[in-house]
Amino acid sequence: MVTIMEKWLSLGIAGLLMGCATQPATTQIKPLPQTFYDYSITTSQRKVISMDELAFALKDADIVLVGEWHGHPGTHLMQAQLFAQLYRLNPAMALSMEQFTRDKQHIVNQYLAGEIGEKTLKREGKAWSNYDSDYRPLVEFARQNQLDVIAANAPKSVVRCISKHGAEYLDRLPEIERKWVAESLTLTDDAYHQKFTASMHHGDEAKTQRQFAAQTAWDDTMAESMVNYLALQPGKQIIHIAGRFHVAEGLGTASRIQARNPDLEVIMVTPITDSSVLPESAPDYRVQVMPLPTNYVDRDKMMADMGRIHSRYTTLKCYE
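Residues numbered from 1 in each chain as written. Predicted model: local features only at pLDDT ≥ 70, side-chain atom pairs only at ≥ 80, totals over all residues. Heavy atoms only, no water.

*Asks:* Describe the state of the cysteines, with residues and values.
*Replies:* Scanning the entire structure with this criterion turns up 1 disulfide. Put simply, Cys 161 and Cys 318 are joined by a disulfide, and their sulfur atoms are 2.0 Å apart. The sign of the -95° torsion about the S-S bond sets the Cys 161-Cys 318 disulfide as left-handed. Separated by 157 residues along the polypeptide, Cys 161 in helix H7 (residues 156-165) and Cys 318 in the segment after helix H13 (299-310) bring together distant segments of the chain. (Disulfide = S-S within 2.5 Å. Helix = DSSP H or I, 4+ residues; strand = E, 2+ residues; numbered from the N terminus.)

Rendered as structure tokens:
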């Protein structure tokens, strides 16, 4: 005879078995929202590739030019990760930087050698204001692995005087300061010059020519710094960090490198957004990131800030 308790137990077990047999509804897992640290990499043919694949594609290049939007966390994260991946494939590397200038090379060297601390590097080396968040990872990776860091750029003060007086200003510099800028500037009407001119909207042709001389002073100096380094250190690979305009499409620094040594293989890695793309013909590897926030909504506020920026030229001291 079946007791009441046995009936309840049998019903309970049956219910459990039925529950186990019933499959729960499938839950749709949404992809993670994109953050400013996220990026994706594609080839010029729009094929999506991993960071490992990118590094492997770049491993035999003499110089890898890696662009950035200054202060964009995604591009800075990508640079640090790419540096580490390239080093894993080829430890014979050097880091070249737009963010340090030739006149501060000895300061950078002292820091790498442990002769000064980071506070001194930042103060005496005139490190950019975003050094801690964006460039410290690169310099520290180089320091920890005993890699050279090339302070590749021309000093801002000299470049600003070129912008004010034109390329002939270089003839006024004392001998030691003249070495802080490339021996020659590329002032021909090449594709880089045309792109730069198209971005100027003030309508003053003479001013545009002076400004372009200043712009290419950066590119020619960075290019010459890397070419000279590789002449002394053949077989090394350089990863160079610079603003996007200097890198994109191989028009800036890359063209100045090739003019000085056409045998060097130079490859560009350039950030893009949905609204800031590269021409189909550009050979760059593309790094897709979120666009930075809009700088200004109010034109008056923009003009006021621009006025403060340009006021630095009123106190600029140039050789007469």
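So much for the structure itself; the text now carries on.
*Asks:* Got a sec to walk through the packing of aromatic side chains? Specific residues and values, please.
*Replies:* Here the structure, examined in full by the defined rule, presents 7 aromatic pairs. Aromatic pair Tyr 192 and Phe 245: ring centres 5.6 Å apart, planes at 45°, arrangement tilted. One end of the pair, Tyr 192, is in helix H9 (residues 191-199); the other, Phe 245, is in helix H11 (residues 244-247), and 53 residues separate them in sequence. Among the aromatic side chains, those forming a connected cluster through ring pairs are Tyr 192, Phe 196, Phe 212 and Phe 245. Here the basic side chain of Lys 59 rests over the ring of Phe 56, its NZ or CZ set 5.0 Å away from the ring centre. (Phe/Tyr/Trp six-rings, centres within 6.5 Å; stacked < 30°, edge-to-face > 60°. Lys NZ or Arg CZ within 6 Å of the ring centre and 35° of its normal.)

*Asks:* Can you lay out the nonpolar core for me, pointing to particular residues and giving the numbers?
*Replies:* Core analysis: the largest hydrophobic core is formed by 40 residues, its most contacted members being Leu 82 and Val 269. The biggest single contributor to this core is helix H6 (residues 131-144), with 6 residues. Not counting residues within four places of it along the chain, the set of residues in contact with Val 269 comprises Leu 54, Leu 58, Val 64, Leu 65, Val 66, Gly 67, Met 78, Leu 82, Val 247, Tyr 285 and Val 287. In terms of nonpolar packing, the next biggest core, distinct from the first, is built from 19 residues, Ala 152, Leu 230, Leu 264 and Met 268 among them. (Core = buried A, V, L, I, M, F, W, Y, C linked by side-chain atoms within 4.5 Å. Buried < 20%, exposed > 50% of the residue type's maximum accessible area, 1.4 Å probe, protein only. Contact = heavy atoms within 4.5 Å.)

*Asks:* Lay out the sheet that holds strand E7 (residues 266-272) in plain terms, naming residues and giving numbers.
*Replies:* Strand order in the open sheet formed by 8 strands is E2-E1-E8-E7-E3-E6-E4-E5, with mixed pairing between adjacent strands. Among the strands making up the open sheet, the edge pair consists of strand E2 (48-49) and strand E5 (148-153). Where strand E4 (residues 93-101) lies against E5, 5 bridges are found, and the strand directions are parallel. Along E5, the bridge assignment pairs Met 97 with Ala 151. Here helix H4 (residues 105-112) sits on the sheet in contact with E4 and E5, set at roughly 160° to E5. (Pairing = 2+ DSSP bridges. Axes fitted to C-alpha atoms, helices over the stretch in contact; angles between N-to-C directions.)

*Asks:* Go over the environment of Ala 61 with me, naming the residues and quoting the values.
*Replies:* Locating Ala 61 in the fold gives a position in the loop between helix H2 (51-58) and strand E3 (63-68). Along the primary structure Ala 61 and Lys 236 are separated by 175 residues, whereas in three dimensions their C-alpha atoms are 9.7 Å apart. Ignoring any residue separated from it by four or fewer positions in sequence, one finds Ala 61 in contact with Gln 237, Glu 265 and Ile 267.

*Asks:* Quick one: what's the story with unusual backbone geometry, residue by residue and with numbers?
*Replies:* Excluding glycine, residues mostly carry a negative phi; peptide bonds, for their part, are mostly trans. Of note in this structure, Arg 46 is not a glycine but carries a positive phi near 70°. Inspection of the secondary structure assignment puts Arg 46 in the loop between strand E1 (40-42) and E2. A positive phi angle, near 55°, is found at Gln 146, a position not held by glycine. As for its placement among the helices and strands, Gln 146 is situated in the loop between H6 and E5.

*Asks:* So what about H9? Which residues, and what values?
*Replies:* Two residues of an α-helix separated by three or four positions point the same way, owing to the 3.6 residues in each turn. All of the buried residues along H9 are Tyr 192, His 193 and Phe 196. Around the axis of H9, the buried residues are gathered within 100° of arc, so they sit on the same side. Looking at the buried side of H9, the elements it contacts are helix H10 (205-232), H11 and helix H12 (253-260). (Arc of directions from axis to C-beta.)

*Asks:* Please give an account of the packing of H7 against H10 that cites residues and values.
*Replies:* Two elements in contact, H7 and H10, have axes separated by 6 Å at closest approach and are oriented at 155°. Relative to H10, the element H7 is oriented roughly antiparallel. Once H7 is placed against H10, the crossing between them reads as right-handed. Facing H7, whose interface residues are Val 159, Ile 162, Ser 163, Lys 164 and His 165, H10 presents Arg 210, Gln 211, Ala 213, Ala 214, Ala 217 and Trp 218. (Parallel < 35°, antiparallel > 145°, perpendicular 65-115°, else oblique. Left-handed = near helix turned anticlockwise from the far one by under 90°.)

*Asks:* Give me the lowdown on the pattern of salt bridges, citing residues and values where you can.
*Replies:* Opposite charge on two side chains lets them pair, provided their charged atoms get close. A full pass over the atoms with the stated rule returns 14 salt bridges. A salt bridge links Arg 136 to Asp 132, with the nearest nitrogen and oxygen atoms 3.5 Å apart. Of this pair, Arg 136 and Asp 132 are both found in helix H6, 4 residues apart, which corresponds to roughly one turn of the helix. Among the residues examined, Arg 136 registers a relative accessible area of 30% and is labelled partly exposed. With a closest N to O distance of 3.3 Å, Glu 249 and Lys 195 form a salt bridge. (Salt bridge = Lys/Arg side-chain N within 4 Å of Asp/Glu carboxyl O.)

*Asks:* With reference to specific residues and values, describe helix H3 (residues 73-89).
*Replies:* In this model, H3 (17 residues) spans 25 Å end to end at C-alpha, consistent with the 24 Å of a helix rising 1.5 Å per residue. All of the buried residues along H3 are Gly 74, Thr 75, His 76, Met 78, Gln 79, Leu 82, Phe 83, Gln 85 and Leu 86. (Expected span 1.5 Å × (residues − 1).)

*Asks:* Lay out the side chain of Arg 256 with the relevant residues and their values.
*Replies:* Residue position: Arg 256 is located in helix H12. Setting aside chain neighbours within four positions, we find Arg 256 in contact with Thr 186, Asp 190, Tyr 192, Phe 212, Thr 216, Asp 219, Asp 220, Ala 223 and Leu 251.

*Asks:* Break down the side chain of Asp 134 for me, citing the residues and quoting the values.
*Replies:* Residue position: Asp 134 is located in helix H6. Although buried, Asp 134 forms no salt bridge, and the nearest oppositely charged side chain, Arg 136, lies 10 Å from it. Here His 76 takes part through its side chain, which lies 3.5 Å from a polar atom of the side chain of Asp 134. Apart from residues no more than four positions distant in its own chain, Asp 134 is found in contact with Gly 71 and His 76. (Lys, Arg positive; Asp, Glu negative; His and termini not counted. Polar contact = N/O pair within 3.5 Å; in protein donor to acceptor, adjacent residues only side chain to side chain.)

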